[in-house]
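Spelled out from the first residue to the last, the chains are:
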Amino acid sequence: MKLPTIKSLYGRIFAIFWLTLMLVLIAVLMAQHSDPRQQHDLPASAKAEYAKIAEAVSAKITSGHGSFQQKLKNFQRKQPERGSIKLYFTSVDGEMLGRGHHGSSRALKNFVTLADDPDEPMQRLYGRWMLAGPFTIEDSNQQALMYVGKMWRESPPFYVRILDRPFQLLLVTMLVSTPLLLWLAWAVTRPARRLQAAAERVAQGRFETDPDLEKGPREFHQAGASFNQMVTALNQMISGQQRLLSDISHELRSPLTRLRMANALAIRKQGQSDNLTRIDTEAERMEKMIADLLSLSRMQINSHAERDVYSLLELWQTLLEDAEFEAEQCGKHLTYGAIPEANIEGNGPLLCSALENVVRNAIKYANHQIDVTMSVTGTSLEVMVTDDGEGVPEEMLVDIFRPFYRVSTARDRASGGTGLGLAITDSAVRQHNGSAQASINHNGGLTIRLTFSLTLT
């Protein structure tokens, strides 16, 4: 099994886990070291104070009468019942001399067994009673040990109280680990967000490699490198496919041109005939179809890379003015509202072609009126092109965006169309993360609704 490294995601998780445990353990040990309920060295100031008390007791015991132990017991009994400091005495061997005060004999016995070196006096808190000692009491050649009990009126430190409450200790542990876990979450989600943004760009038709995807933990580095390789392969595949279509369309035009030239020579020699006229008509239709295919392939080659930000006004203003003039020449009326002041990111020729095909289609099939309206809602642009023609059957509204699809009504082969106009529109809109829909309007004509995502400014 390969050992985890800090560059890998699971290595970072492993390191953060143990680092958190180590910090919590250090905090608990430091809190215990500062806990007055644990035995500690006596501070220098208290040590000097209690040493003076021991000297005063030794002087008073020396001046008394009776045995050494009896004098110590008498001294202890004469202490006031209510006082902040109480003195306790034991023999050098640790035997208690007299009874404890305020029930502290049990605590005192415990403390005596832990602290029995006069050269290194200690202190420890038992409930509210702080015990300190031992200190040497001397009388002639005899010695005893003195312990000092002092009422502890201070509240335990906050971190000490936490150790007594598991729930609060858990909260502190979570608090200590939160910054580390936040850093870990940031380290994990940052490359994930970059990968998500790159995937969204691909979904919008922008096949761009991103070097930043190959940064971060090793797992995301590998995923980012694979993603960039996929995007590069898609670019090559799409470009190859479109170039193949362009080459095929271009090669088909040569024999078709020769066919029309031969047909023209036959007409010149033999005169007009229905068969020759039909050949010329079908050849012309095929040439137009190939021209549309060639135009479509040229627009789509590297369209995902050739993107820029355009204002709607500069993109479609001239197109609509030309369409208005063309409608007038056909004896029809085209109206369009104000173009919103907004920007759109994409391939300019494709965006123009998307709207131009729909508008020209409406001019061709309308009886009298064509309306073009644009509206912006948030970051979404909606373009509606409406005509008052004969429309299409309800069940064919989805199929009209398929390449070479034709309906059997007014919009049929007699119109001279190739069946690629709306297919080009649908392809262009999809490449810009939009949608194209058709519906029947209240006049019985066709309404095409194009939806685009706008660029925030």
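That block above? That's the structure.
What counts and how
Residues numbered from 1 in each chain as written. Predicted model: local features only at pLDDT ≥ 70, side-chain atom pairs only at ≥ 80, totals over all residues. Heavy atoms only, no water. Phe/Tyr/Trp six-rings, centres within 6.5 Å; stacked < 30°, edge-to-face > 60°. Helix = DSSP H or I, 4+ residues; strand = E, 2+ residues; numbered from the N terminus. Buried < 20%, exposed > 50% of the residue type's maximum accessible area, 1.4 Å probe, protein only. Salt bridge = Lys/Arg side-chain N within 4 Å of Asp/Glu carboxyl O. Patch = residues over 30% accessible without salt bridge, like charges linked within 9 Å, V, L, I, M, F, W, Y side chains within 5 Å. Areas by Shrake-Rupley, 256 points an atom, 1.4 Å probe, with all protein chains shown as cover. Axes fitted to C-alpha atoms, helices over the stretch in contact; angles between N-to-C directions. Left-handed = near helix turned anticlockwise from the far one by under 90°. Contact = heavy atoms within 4.5 Å. Nonpolar A, V, L, I, M, F, W, Y, C, P; charged D, E, K, R; others polar.

1. Observations concerning the packing of aromatic side chains
The geometry of an aromatic ring pair is captured by two quantities: the separation of the ring centres and the angle between the planes.
Piece 1. Enumeration over the complete set of coordinates arrives at 4 aromatic pairs.
Piece 2. Between the aromatic rings of Phe111 and Tyr126, the centroid separation amounts to 6.5 Å while the plane-to-plane angle is 85°, which identifies the pairing as edge-to-face. Of this pair, Phe111 sits in helix α4 (residues 105-114) while Tyr126 sits in strand β4 (residues 122-126); the two residues are 15 residues apart in sequence, bridging distant segments of the chain.
Piece 3. Classification of Tyr126 by relative accessible area gives buried; the value is 18%.
Piece 4. Here the aromatic rings of Trp316 and Phe452 are separated by 5.9 Å at their centres, their planes lie at 50°, and the arrangement is tilted. One end of the pair, Trp316, is in helix α9 (residues 312-329); the other, Phe452, is in strand β13 (residues 446-453), and 136 residues separate them in sequence. For the residue pair Trp316 and Phe452, the accessibility class agrees, reading buried in each case.
Piece 5. In this structure an aromatic cluster arises from ring pairing among Phe111, Tyr126 and Tyr147.

2. Concerning the pattern of salt bridges
Piece 1. Evaluation of the coordinates by the stated rule reveals 5 salt bridges.
Piece 2. A salt bridge links Arg360 to Glu356; its shortest N-O distance comes to 2.9 Å. Placement of both Arg360 and Glu356 in helix α10 (residues 348-365) is noted, with a separation of 4 residues, approximately one turn of the helix.
Piece 3. Close ionic contact of Glu382 with Arg449 constitutes a salt bridge, the shortest N to O distance being 3.3 Å.

3. Structural notes on a nonpolar patch on the surface
Piece 1. A cluster of nonpolar side chains, namely Phe14, Phe17, Trp18 and Leu21, defines an oily patch on the protein surface of about 430 Å² accessible area.
Piece 2. We classify Leu21 as partly exposed; its relative accessible area is 40%.

4. Regarding the packing of α10 against helix α11 (residues 421-431)
Helix packing geometry: the angle between the two helix axes and the distance between the axes.
Piece 1. Contact geometry of α10 with α11 gives a least axis separation of 8 Å together with a crossing angle of 145°. In the packing of α10 onto α11, the handedness of the crossing is left-handed. Two secondary-structure elements touch here, α10 through Leu350, Ser353, Ala354, Asn357, Val358 and Asn361 and α11 through Gly421, Leu422, Ile424, Thr425, Ala428, Val429 and Gln431.
Piece 2. Its residues assigned to classes, the contact of α10 with α11 comprises 7 nonpolar, 6 polar and no charged.

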